[in-house]
Amino acid sequence: MPYLFFTAFMTGLASLAVELAAARLLGAYFGTSNLVWATIIGLILLYLTAGYLAGGRWADRDPRPYTLYRIVAWAGLAVALVPVAARPVLYRAADAFDALRLGVLLGAFAAVLVLLVVPVTLLGMVSPFVIRIATKRTSEAGSVSGRVYALSTLGSFVGTFLPDLLLVPLLGTRRTFLLLGLLLTLTALGGLWTVRRRALWRYGWMPVLIVGLWVFWASGPIKQTAGQIYETESAYNYIQVLQSDGYRYLRLNEGQGVHSVYHPTRLAYYGAWMFFLNAPFFNAPPYRPTDVQRIAVVGLAAGTVARQATAVFGPVPIDGYEIDPAILSVGRRYFGLAALSNLHAYAEDGRVGLRRSPYRYDLIVLDAYRPPYIPWHLTTREFFQLVRQHLAPRGAVAVNVGAPPGDFRLANAIAATLHTVFPSVYAVRVPNTFNVVIYATAQPTQFANLEANAAALRREAHAPQLLLAAMGLAASHRVVLDMAAGEVFTDDRAPVALLTDSMVLHVLLHSP
């Protein structure tokens, strides 16, 4: 009897761990958007529902521990084979994503979710089986079922934390599936040992196969992207470093956006990073690079903003906040982060880090952007009030926001929220991207100040050319946002994900 309850605990653990591991398996190719998460959770609940129904009927017809442990054994093998079967499909998905072939991408996504039908449905069968076998008298049905569901839920609680916090960072996603499958098959063999030892030889090959996959198969690359020189998985992200024509690029998860760029001798990358440099120069002229004394970057990534800011403003102190410590390690190894002696990098959430900071800044950059989403807690009026509290008297803030062509709904909302805290707000489209950089200043300013400061800098012999290029592009790509149409986000209500999902669906439905 105790082993039956242990089986319920292990299968409860595996069911939640498989769900989270599936999200990590798909995240490297399809991202971790709310749409992806909702699909995974919804379908797994349907698979479990089917398992509960089928398991209850089967248990009534054949209420034997031997049948139960066979189900657990096959569930374990099916869990272990998920990444094996998914691997060629996901490689095609990666190629389709790079080529923007939507049909292949959606087909691969659906195929991988179908692979979860067998293991999750089999896991759903276990609890009804355990309850049926453990219930000897009708009078104890309630207490037995309560104990089974309590142990199964306790296992699910443990399984909630294992993949992201321990298994995936230490072993990787593939070996996480293999380990879960191995644990389930060993649990089944332990049960078979107690009820029918002669059957062990029929199922003993399963853990042997899983160990073989662990040793000879699981070490291959997660992706095979052209120019890839490094990849790893952290508690937060799938991290990928690509190299092409002397440049290095940091991509995360599905690779929808480039989060950092590095070249040993060049700094003009013409992405959103250089546009952040403009923010202080909306102040009334004369405003010079030497007026910037301290900078904060929320969403440091591998340090592109910090390198460009150091080149323009000199070795001023920069406090960089990046929630994923593995990205900071990659930045030091591949993106020259270690060479920035003026950079103080903190592996923590940007809002928490900024609240703890004792400093006031002349420039605060908000680039905590996980395409296509901005973390909602970095978009609210309360957060921007915190930002303003940490700005110097002539400080400025720059925010990176996604905005597909002709769709400024999110940008309007961010600008409207900023305008409840800051007196002046401006926006600039980053050419050839889906990005808009929104600026806000602590003092009342005007857009013409940027052009006036640029004109004054051009007369100086040693003006930073990177800054002049950024100022020129900003002046010619101004966007006038409709802040009256934008919803003001608060800590109580900030539907950033809902708005972003709507924008993504609009792009997909209207793409050729």
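These lines cover the structure that appears in this document, whether it is placed above or below. Keep in mind it's a predicted model, so treat the numbers as computed, not measured. (Residues numbered from 1 in each chain as written. Predicted model: local features only at pLDDT ≥ 70, side-chain atom pairs only at ≥ 80, totals over all residues. Heavy atoms only, no water.)

## Some points on the overall build of the chain
A count of helices and strands for the chain gives 18 helices and 12 strands. Expressed along its principal axes, the backbone C-alpha trace of the chain runs to roughly 90 × 50 × 45 Å. Counting every position in the chain, which comprises 512 residues, the buried fraction comes to 57%. By sequence separation, contacts in the chain at least 24 residues apart represent 75% of the contacts at least 6 residues apart. Surface accessibility of the chain: about 21,500 Å² in total, with carbon and sulfur atoms responsible for 61%. (Helix = DSSP H or I, 4+ residues; strand = E, 2+ residues; numbered from the N terminus. Buried < 20%, exposed > 50% of the residue type's maximum accessible area, 1.4 Å probe, protein only. Contact = heavy atoms within 4.5 Å. Areas by Shrake-Rupley, 256 points an atom, 1.4 Å probe, with all protein chains shown as cover.)

## Describing helix α14 (residues 381–389)
Within the sequence span of α14, burial applies to Phe383, Phe384, Leu386 and Val387. The buried side chains of α14 occupy one side of the element, clustering within an arc of 150° when seen end-on. On its buried face, α14 sits against α13 (350–356), β8 (361–366), β9 (391–402) and α15 (409–419). (Arc of directions from axis to C-beta.)

## A word on a nonpolar patch on the surface
A cluster of nonpolar side chains, namely Leu154, Phe157, Phe161, Leu165, Leu166 and Leu170, defines an oily patch on the protein surface of about 640 Å² accessible area. Relative to the elements of secondary structure, Phe161 occurs in helix α6 (residues 141–171). (Patch = residues over 30% accessible without salt bridge, like charges linked within 9 Å, V, L, I, M, F, W, Y side chains within 5 Å. Salt bridge = Lys/Arg side-chain N within 4 Å of Asp/Glu carboxyl O.)

## Description of the pattern of salt bridges
Evaluated as defined, the whole model comprises 11 salt bridges. Asp60 is the salt-bridge partner of Arg132, the closest N and O atoms lying 3.3 Å from each other. Residue Arg132 is found in helix α5 (residues 117–134), and its partner Asp60 is found in helix α2 (residues 34–61); the two are separated by 72 residues along the sequence. A salt bridge links Glu460 to Arg288; its shortest N-O distance comes to 3.5 Å. Of this pair, Glu460 sits in the loop between α16 (448–458) and α17 (465–476) while Arg288 sits in the loop between α10 (272–275) and β5 (295–298); the two residues are 172 residues apart in sequence, bridging distant segments of the chain.

## Here we look at the environment of Gly227
Position of Gly227 relative to the elements: it lies in the loop between α9 (205–216) and β1 (228–233). Classification of Gly227 as partly exposed rests on a relative accessible area of 32%. Along the backbone, Gly227 and Arg248 are 21 residues apart, and their C-alpha atoms lie at a distance of 9.2 Å. Setting aside residues no more than four positions away along its own chain, Gly227 makes contact with Val241, Leu242 and Gln243.

## Things to note about the sheet that holds β1
Spatial strand order, β1-β2-β3-β4: four strands in an open sheet with antiparallel pairing. Each of the sheet's edge strands pairs with one partner strand only, and the pair in question is β1 and β4 (258–262). Across this sheet, the average inter-strand angle for adjacent strands is 15°, counted without regard to direction. (Pairing = 2+ DSSP bridges. Axes fitted to C-alpha atoms, helices over the stretch in contact; angles between N-to-C directions.)

## Regarding the sheet that holds β8
Taken in spatial order, the eight strands of this open sheet run β7-β6-β5-β8-β9-β11-β10-β12, and their pairing is mixed. Strands at the two margins of the open sheet, each flanked by one partner only, are β7 (343–346) and β12 (478–479). Looking at chain direction, β5 and β8 are connected through four bridges and run parallel. When the bridges of β8 are listed, Val298 appears paired with Leu366. Of the strands in this sheet, β8 and β9 are in contact with α14, which crosses β9 at around 140°.

## Re the side chain of Ser260
For Ser260, the position within the fold is in strand β4. From its side chain, Ser260 meets the backbone nitrogen of Ala302 in a polar contact 2.9 Å long. Excluding residues that lie within four positions of it along the chain, Ser260 makes contacts with Arg248, Tyr249, Leu250, Trp273, Leu300, Ala301, Ala302, Gly303, Thr304 and Phe335. (Polar contact = N/O pair within 3.5 Å; in protein donor to acceptor, adjacent residues only side chain to side chain.)

## A short note on the pairing of β1
One ladder, built from five bridges, connects β1 with strand β2 (residues 238–244); its direction is antiparallel. Bridging across to β2, Thr232 finds its partner in Ile239.

## Points about the environment of His419
Along the chain, His419 falls in helix α15. Expressed as a C-alpha distance, the spacing of His419 and Val488, which sit 69 residues apart in the sequence, is 9.1 Å. If we skip the residues at most four places from it in the chain, His419 touches Val425 and Met483.

## Description of the packing of aromatic side chains
We describe a pair of aromatic rings using the distance from one ring centre to the other and the angle between the two ring planes. Overall, the coordinates contain 18 aromatic pairs when judged by the stated rule. Pairing Phe282 with Tyr426 gives two aromatic rings, centres 4.8 Å apart and planes at 15°, and the pair type is stacked. Separated by 144 residues along the polypeptide, Phe282 in the loop between α10 and β5 and Tyr426 in strand β10 (residues 424–429) bring together distant segments of the chain. No difference in accessibility class separates Phe282 from Tyr426, as the two residues are buried. When the ring of Phe282 is compared with that of Phe447, the centres are 5.4 Å apart and the planes differ by 55°; the resulting orientation is tilted. Placement of the pair is Phe282 in the loop between α10 and β5 and Phe447 in the loop between β11 (435–441) and α16, with a sequence separation of 165 residues. Comparing Phe282 with Phe447, the two get one shared label, buried. (Phe/Tyr/Trp six-rings, centres within 6.5 Å; stacked < 30°, edge-to-face > 60°.)

## Considering the side chain of Glu140
Considering the arrangement of structural elements, one finds Glu140 in the loop between α5 and α6. Apart from residues lying up to four places away in sequence, Glu140 is in contact with Ala134 and Thr135.

## Here's the deal with the pairing of β9
Buried residues dominate β9, accounting for 10 of its 12 residues. The sheet contact formed by β8 and β9 spans five bridges and is parallel. Paired with Tyr361 across the bridge in β9 is Leu391. Here β9 runs beside β11; their pairing, made up of seven bridges, is antiparallel. Of the residues in β11, the one forming a bridge with Ala396 is Thr441.

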